[in-house]
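Examining the three-dimensional arrangement
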Amino acid sequence: MADEKVLENVTPVYDDEALAAEYLEKRQQKIEEDFKKPFDPDCILEVRHLRKCFPLKKTITGKVTKELVAVDDVSFKLKAGETLGIVGESGCGKTTTGRAVLKLHQPTAGQIIFNGQDITNFDSKQMRSSRKEMQIIFQDPYSSLPPRSTVGGILSEPVEVHNIVPKDQVKDYVLDLMDKCGLRDYYYERYPHEFSGGQRQRICIARALSVNPKLVICDEPVSALDVSIQAQIINLLKKLQREMNLAYVFISHDLSVVKFISDKIGVMYLGSMMEFGSKEDIFKNPLHPYTKALFSAVPNPDPTQKTERIKLEGDIPSPANPPKGCRFHTRCPYAKEVCKHITPEYREYEPGHFAACHLLNEE
Ligand SMILES: Nc1ncnc2c1ncn2[C@@H]1O[C@H](COP(=O)(O)OP(=O)(O)O)[C@@H](O)[C@H]1O
Ligand code: SF4
Ligand SMILES: [Mg+2]
């Protein structure tokens, strides 16, 4: 655990300071109880109450006087071979969550359990073996490949560094991997600039998979590609997932892409997880007004499936100065007085289906 006090310095949720203190203490107790729970042996990844703050202002002595809470109390679980889609508007903390899971950002608080180990406070030496098993694919396949290496060189390097196969078998291993990723063998001698965006993303996927990872964070991997190429890359990711039993955290702002690839879906808003559940739960029975609002923007081809439609008004508030209470209250058509003051608890409403909204506690 990075820091026991997950909720320290959180904007008080009540205007009344005594009530705020009582509320925070209760939530802190619940969080500490969760930290003590045994790890779920069925899961490759468990994230508990993750929090990541970035300093915005510091005094000359280095004391942080203002911070941006990019990820606030996010929890989820993922099994081997499964895909979790994380969806939400730009700036809601998707990338920060993905990077914190890989420890490319050190979490401010919370727990990250990967493959049965709490890696939250692992140092870089301890992370070495886990790092090989957790890979990332970025949105921009143009800038994430070294321009002066050939495809063969790019793909051989991690295989050699991590001793995946004996030295004399590296080339065959790489050619086989290229074949799996839809890359012709003569590309081996070519350079990244000779390829289109889709082909470069295939090279990035091959590089990530070259070390036999268990988990791949896919951060908007198709957002920069043409729609026709997007489908090819997503189908490739699905095929490789089946072949290698990979778990994916698939980050996207595009709900239709997330719907296609995911088994589970997490909906984020201003750093918090608003709803989390199986794809079926989220699409057939969305609980949170924000999830319903996201669906309003996507035409539903199935006329028999009726979901409540909500139009989002106004702009997303600044994460440096988020609304008190429910972070969504400034845009929620159902917001009541309580929503402005009290952050709703993230609760399980049916097995595996979580949401954070006061309305749900009234029914
Ligand atoms: N290194 C950083 N320093 C300061 N603020 C950051 C940093 N990285 C991200 N942020 C801020 O954190 C918030 C969440 O960002 P991000 O995780 O990139 O969102 P998303 O991927 O959902 O678009 C944004 O307000 C962003 O400006
Ligand atoms: S808690 Fe209130 S403001 Fe937040 S989503 Fe529910 S009804 Fe809307
Ligand atoms: Mg992002």
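Cut-offs used in this document
Residues numbered from 1 in each chain as written. Chains lettered and ligands numbered in written order. Predicted model: local features only at pLDDT ≥ 70, side-chain atom pairs only at ≥ 80, totals over all residues. Helix = DSSP H or I, 4+ residues; strand = E, 2+ residues; numbered from the N terminus. Rg over C-alpha atoms; globule rule 2.2 N^0.38 Å. Contact = placed C-beta atoms within 7 Å. Near = placed C-beta within 6 Å. Nonpolar A, V, L, I, M, F, W, Y, C, P; charged D, E, K, R; others polar. Pairing = 2+ DSSP bridges. Axes fitted to C-alpha atoms, helices over the stretch in contact; angles between N-to-C directions. Parallel < 35°, antiparallel > 145°, perpendicular 65-115°, else oblique. Left-handed = near helix turned anticlockwise from the far one by under 90°. Core = buried A, V, L, I, M, F, W, Y, C linked by C-beta atoms within 7 Å. Buried ≥ 20, exposed ≤ 12 C-beta atoms within 10 Å, placed from the backbone. pLDDT = per-residue confidence, 0-100.

Describing the overall build of the chain
For the chain, the helix and strand inventory stands at 11 helices and 12 strands. Computed over C-alpha atoms, the radius of gyration of the chain comes to 22 Å, within 12% of the 21 Å expected from 2.2 N^0.38 for 363 residues, which places it in the range of a compact globule. Considering only C-alpha atoms, the chain reaches an extent of 70 × 55 × 40 Å along its principal axes. For the chain, restricting intrachain contacts to residue pairs at least 6 apart in sequence, the fraction spanning at least 24 positions comes to 63%.

Regarding the site of ligand 2
Near ligand 2 the following residues occur: Pro 289, Cys 326, Phe 328, His 329, Cys 332, Tyr 334, Ala 335, Cys 339, Pro 344, Cys 357, His 358 and Leu 359. For the shell around ligand 2, the residue count by class is 10 nonpolar, 2 polar and no charged.

Focus on the sheet that holds strand S6 (residues 134–137)
An order of S6-S7-S8-S3-S9-S10-S12-S11 is seen for the 8 strands of this open sheet, with the pairing classed as mixed. Both outer strands of the open sheet, S6 and strand S11 (347–350), are each paired with one neighbouring strand and no more. Averaged over all pairs of adjacent strands, the angle between their axes in this sheet comes to 20°, without regard to strand direction. Note: strand S9 (residues 264–269) against strand S10 (residues 272–278), 6 bridges, orientation antiparallel. Among the inter-strand pairings, Met 268 is bridged to a residue of S10, identified as Met 273.

Digging into the site of ligand 1
If you check the shell around ligand 1, you find Phe 54, Leu 68, Ala 70, Gly 88, Ser 90, Gly 91, Cys 92, Gly 93, Lys 94, Thr 95, Thr 96 and Pro 319 and nothing else. Those elements giving two or more residues to the shell around ligand 1 turn out to be strand S2 (64–79) and helix H2 (94–101). Looking at the shell around ligand 1 residue by residue, the classes come out as 5 nonpolar, 6 polar and 1 charged.

Quick look at the packing of helix H4 (residues 151–161) against helix H6 (residues 197–209)
Interaxial distance between H4 and H6 falls to 8 Å at its minimum, and their mutual angle equals 20°. Comparing the axis directions of H4 and H6 gives the class roughly parallel. Regarding H4 and H6, the two cross each other, and that crossing is right-handed. For the pair formed by H4 and H6, the contact residues are Val 151, Ile 154, Leu 155 and Pro 158 on the first element and Ile 203, Ala 206 and Arg 207 on the second.

Observations concerning the nonpolar core
With 77 residues, the main nonpolar core has Cys 218, Val 249 and Met 274 as its most contacted residues. Ignoring any residue separated from it by four or fewer positions in sequence, one finds Met 274 in contact with Val 267, Met 268, Tyr 269, His 288, Tyr 290, Thr 291, Phe 328, Ala 355 and Ala 356.

Side note on the confidence of the model for the chain
Overall, the prediction assigns the chain a mean pLDDT of 90, with 92% of residues at 70 or greater. Low pLDDT (under 50) marks residues 8–12, which in the prediction has 4 contacts with non-local residues, meaning those over four places away or in another chain.

Here we look at the sheet that holds strand S4 (residues 109–114)
Taken in spatial order, the 4 strands line up as S2-S1-S4-S5 in an open sheet, and their pairing is antiparallel. The open sheet is flanked by S2 and strand S5 (117–118), the only strands paired with a single partner. Along the sheet face, H2 touches strand S1 (43–58), S2 and S4 and points at about 115° away from the line of S1.

Remarks on the environment of Lys 63
With respect to the element layout, Lys 63 can be found in the loop between S1 and S2. Residue classification places Lys 63 among the exposed positions, given that 9 C-beta atoms sit within 10 Å. In this structure, the C-alpha to C-alpha distance between Lys 63 and Ile 282, residues 219 residues apart in sequence, is 42 Å.

A closer look at the packing of H6 against helix H7 (residues 227–244)
The contact between H6 and H7 brings their axes to 10 Å, and the two run at 20°. Classified by the angle their axes make, H6 and H7 are roughly parallel. For the pair H6 and H7, the sense of crossing is right-handed. Packed against H6, whose contacting residues are Gly 197, Gly 198, Gln 201, Arg 202, Ile 205 and Leu 209, the element H7 presents Ile 229, Gln 232, Ile 233, Leu 236, Leu 237, Leu 240 and Met 244 at the interface.

Digging into unusual backbone geometry
The backbone of Asp 73 sits at a positive phi, close to 60°, despite the residue not being glycine. You can see Asp 73 is positioned in strand S2. Classification of Asp 73 by C-beta neighbours within 10 Å gives buried; the count is 22. Not every positive phi belongs to a glycine, and Glu 220 is a case in point at roughly 50°. Checked against the element boundaries, Glu 220 lands in the loop between strand S7 (215–219) and H7.

Observations regarding the environment of Cys 204
Note on placement: Cys 204 falls in helix H6. Residues Cys 204 and Ile 137, 67 residues apart in the sequence, show an inter-C-alpha distance of 6.5 Å. In this structure Cys 204 touches Ile 137, Pro 141, Ser 144 and Leu 145, once residues within four positions along its chain are discounted.

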